[in-house]
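Here's the letter readout for the chains.
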Amino acid sequence: MSQIYLVRHAESEHNVSKDYSNIDPPLTTLGIQQSTQLIKTFPHSSTVAVILSSPLRRALQTTLAAFPHILDKRYFDPASGHGIVDGAMLIVDPDLQERSALPCDTGSSRDVLEAAFPNVDFSSLGVSNWPSKNGDFSADDTTVKHRARRVRSRLEEITSQLKSEERADVIVVTHGVFMKFLTEDPDIDLAKAGWKDYLIAKDNGTDISLVPAPESRRKNSLDQKPYQLVPFLLGFASAFVVIFCLWLLSNCLSRDTDDEKLCSLELTALNVADVPPDERWMNMGYWKDEPNFSSACPALLFQTLEHAALLTRNDNGALVRSSSPKINLVDVGCGYGDQMLYLTRKRFAGEYSKARRSLVDTGDGDKYIGITINKAQAAFARDYSTSYDGGIHIFCADAANPTSWPDSLTQTLSRVRLSDSTSSTWLLALDSLYHFQPSRQGILSYARNELHASFMAFDLLLSDSATWWQRLVLRVICLVTSTPYTNFISRAEYINMLVRAGYERYDIKVNDVSEHVFPGIAAYIQQREVQLRQFGMGPGKLKLAGTVFGWWARSGVVRGVLVVATV
């Protein structure tokens, strides 16, 4: 069976300069080196019959520099010595161009390309509206999906013709975002000049898809290091020491002597007035001007809404609604429903009006959709919402994996997508995304490409200055707390993740609020521990969390940020 090798182009100038205003930028010197490295590292040269390449300059340069030992001689200057007799055919396919309509993702005209690559056949560009970004090459999601479907059909046709040949494999050189549409995998993120192998599959006998090849032979990154036993053993030993220290710390901190207690835990429990408590907030809080948890948690929500410009402050410093349109809000990690009540029931005056209404006004047709993976939280939040009129919908589902959502949830979201043009849709993730497994990419891509939603969140990043030891300790903490370590990425990587999801780089804002989050929550947990101990109670597992938050506050290894990406 034919294998399809998807290759991402090597590093280009706009990847480094972050200047997206130049049309069709070329590879950097490093990009050329990354490409030529594939001559040594790509192990399947003898089985490739056809190479398809995007017509963008960086993809063509990657193709010619990476595969001169596979391509036919006719694609190179005879004096170069590159190419082989009866080598692979090169097909320039405009459907493989990158998704966006930015200048950097817009190709050069055919005559410019023919001058730059005189031995390459560009006749395929003559029967299309290349290089304009309209019609079949528009940047909207629907058109790009159709384009990806055409490529898959083309690959199926090519491999069918090659199935009896000795060389039957195909290389496809394309771009990072378009690759997500081509593979229908929002999480694919190959390194520059990285590759991955796939097989053609037919769903229901008609729909063509690409599926990862079993027992894949891929090497997705050029910077893979050879296995080294000594560093591995040192790292393992260090991790063991860290785990042991955390275990010892946790156990030591949890011991209380009987003479410190004023009464037993059982008697204290009988004196608790409200079961369940009136509020069950679940975020770290924003502690700049707040004395306790019940006020710091909504303060973090309001800071997020301010950062998204949905709330603003008037001349007196009071929060008021901005002049934004009606809002439909999808809240992932909605918890027990406290932020739902604040969003749908707390009333604010308008920026230019004294009329007070809630931010998500369900009485005026706005919709709130809350999603939590925890069944108890979902049931509790539903109980909260039943005392109010329609417009509030709570679902128990894995927000990290939209493909697993129940039909009732997807149908509700479909109605949100069909809302009138006076409404805006937002995805809210308040202190939840870094828990998502395997990553945030699935929900972000769904929000941008399916819901056409703007995005706002409080989230955690890894400091650019984190040392190897701090990273090791953080990795152990993630292991103990079942949090994916791979979710702790740098600010630049986070922005790139949003760009891969489809948001434009210039529509993304990241604001570091660590100083108003970690010190406050760490101090509060410590304070509560002292207060509760004499009543036979304690913060439980949160004691260790307080220790971790305190370390983050002192070291700066993890950063708490407000993030907004608008459509």
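Just so we're clear, the structure is a prediction, and the values are computed from it rather than from any experiment. In this convention, every chain numbers its residues from 1, walking through the sequence in written order. Local features are withheld for residues below a pLDDT of 70 in this predicted model, meaning they are given only at 70 or higher, and side-chain atom pairs are given and counted only at 80 or more; totals for whole chains, interfaces and linings count all residues. Computation of side-chain values covers all heavy atoms of the structure but excludes hydrogens and water.

**Describing the overall build of the protein chain**
Then step 1. Numbering goes from the N terminus for both helices and strands, where a helix is a DSSP run of H or I of at least four residues and a strand is a run of E of at least two. Of the regular secondary structure elements, the protein chain holds 17 helices and 17 strands.
Then step 2. Counting over 567 residues, the protein chain shows a buried share of 52%.
Then step 3. Summed over its atoms, the accessible surface of the protein chain is roughly 26700 Å², and 53% of this surface lies on carbon and sulfur atoms. The classification of residues rests on relative accessible area computed with a 1.4 Å probe and restricted to protein chains. Under 20% of the type maximum is buried, over 50% is exposed, and intermediate values are partly exposed. Residue burial considers only the protein chains on display, and all accessible areas are found by Shrake-Rupley using a 1.4 Å probe.

**A short note on the packing of aromatic side chains**
Then step 1. Two rings from Phe, Tyr or Trp (for Trp, the six-membered ring) form a pair when their centres sit within 6.5 Å of each other. Planes less than 30 degrees apart are called stacked, planes more than 60 degrees apart edge-to-face, and all others tilted. A complete count under the given rule lists 16 aromatic pairs for this structure.
Then step 2. Aromatic side chains Tyr 336 and Phe 380 sit 5.5 Å apart centroid to centroid with 90° between the ring planes, which places their arrangement in the edge-to-face category. With Tyr 336 in the loop between strand S9 (326-332) and helix H10 (338-345) and Phe 380 in helix H11 (residues 375-385), the pair connects residues that are 44 residues apart, well separated along the chain.
Then step 3. Owing to a relative accessible area of 15%, Tyr 336 belongs among the buried residues under this scheme.

**Considerations on the packing of helix H9 (residues 293-307) against H10**
Then step 1. Helix axes use the C-alpha atoms of the stretch in contact, all axes being lines fitted to C-alpha atoms, and the angles between their N-to-C directions lie in the range 0 to 180 degrees. In the contact formed by H9 and H10, the axes pass within 11 Å of each other and the chain directions differ by 50°. With respect to H10, the axis of H9 lies oblique. In this structure, the crossing between H9 and H10 has a hand that is right-handed. From H9, Pro 298, Leu 301, Phe 302 and Leu 305 reach across to H10, where they touch Gln 339, Tyr 342 and Leu 343.
Then step 2. By the convention adopted, Pro, Cys, Tyr, Trp, Phe, Met, Ile, Leu, Val and Ala count as nonpolar, Lys, Arg, Asp and Glu as charged, and the other residues, Gly among them, as polar. Class assignment of the residues belonging to the contact of H9 with H10 gives a composition of six nonpolar, one polar and no charged. Just so you know how the angles are binned, under 35 degrees is roughly parallel, over 145 roughly antiparallel, 65 to 115 roughly perpendicular, and the rest oblique. Whether a crossing is left-handed or right-handed is set by the direction in which the near helix is turned from the far one by less than a right angle, anticlockwise for left-handed and clockwise for right-handed. We call two residues in contact when some of their heavy atoms are within 4.5 Å.

**Concerning the sheet that holds strand S1 (residues 4-8)**
Then step 1. In short, DSSP must find at least two bridges between two strands for them to pair. Reading across the sheet, the six strands line up as S3-S2-S4-S1-S5-S6 and stay open at both edges, with mixed pairing between neighbours. Here the strands that pair on one side only, and so sit at the sheet edges, are strand S3 (89-92) and strand S6 (207-212). Sheet twist, expressed as the average angle between the axes of neighbouring strands with direction ignored, equals 30°.
Then step 2. In terms of strand pairing, strand S5 (residues 195-203) meets S6 through six bridges, oriented antiparallel.

**Things to note about the side chain of Ser 454**
Then step 1. Mapped onto the elements of the fold, Ser 454 is located in strand S15 (residues 454-462).
Then step 2. Classification of Ser 454 by relative accessible area gives buried; the value is 6%.

**Comments concerning the packing of helix H16 (residues 518-533) against helix H17 (residues 542-555)**
A packed helix pair is summarised by two numbers, namely the angle formed by the two axes and the spacing between the axes.
Then step 1. Relative to each other, H16 and H17 sit at 145°, their axes nearing to 8 Å. As H16 packs across H17, the resulting crossing turns out to be left-handed. Note on element contacts: H17 touches H16 through Leu 542, Lys 543, Gly 546, Phe 549, Gly 550, Trp 552 and Ala 553, opposite Phe 518, Pro 519, Ile 521, Ala 522, Ile 525 and Glu 529.
Then step 2. The residue inventory of the contact of H16 with H17, partitioned by class, reads nine nonpolar, two polar and two charged.

**Some thoughts on the pattern of salt bridges**
Then step 1. Each salt bridge in this description consists of a side-chain nitrogen of Lys or Arg and a carboxyl oxygen of Asp or Glu lying within 4 Å of one another. Evaluation of the coordinates by the stated rule reveals 16 salt bridges.
Then step 2. Two residues, Arg 154 and Asp 95, come together in a salt bridge whose shortest N-O distance is 3.0 Å. Here Asp 95 lies in the loop between S3 and helix H4 (110-116) and Arg 154 lies in helix H5 (residues 141-162), a separation of 59 residues in the sequence.
Then step 3. Judged by relative accessible area, which is 27%, Arg 154 ranks as partly exposed.
Then step 4. On the accessibility criterion, Asp 95 (5% relative accessible area) is buried.

**Overview of the confidence of the model for the protein chain**
Then step 1. Per residue, pLDDT measures the predictor's confidence, with a range of 0 to 100. On average, the protein chain scores 84 in pLDDT, and the residues at 70 or more come to 85%.
Then step 2. Contacts of residues 216-230 to residues separated by more than four positions or lying in other chains number 26 contacts, the stretch itself having pLDDT below 50.
Then step 3. Low pLDDT, under 50, characterises residues 253-261; the predicted model gives this stretch 11 contacts beyond four residues in sequence or across chains.

**Regarding the sheet that holds strand S16 (residues 508-512)**
Strand pairing in a sheet relies on backbone hydrogen bonds. The paired strands run either parallel or antiparallel.
Then step 1. Across the sheet, seven strands lie side by side as S13-S12-S9-S14-S15-S17-S16; this open sheet has mixed pairing. Edge positions in the sheet fall to strand S13 (392-396) and S16, since each of these pairs with one other strand and no more. With direction set aside, neighbouring strand axes in the sheet form an average angle of 20°.
Then step 2. In this sheet, S15 lies alongside strand S14 (residues 423-430) in parallel orientation, the contact comprising five bridges. If you follow Leu 428 over to S15, its bridge partner there is Met 456.
Then step 3. The strands that H10 touches are S9, strand S12 (368-372), S13 and S14; relative to S13, the one it contacts most, it runs at about 160°.

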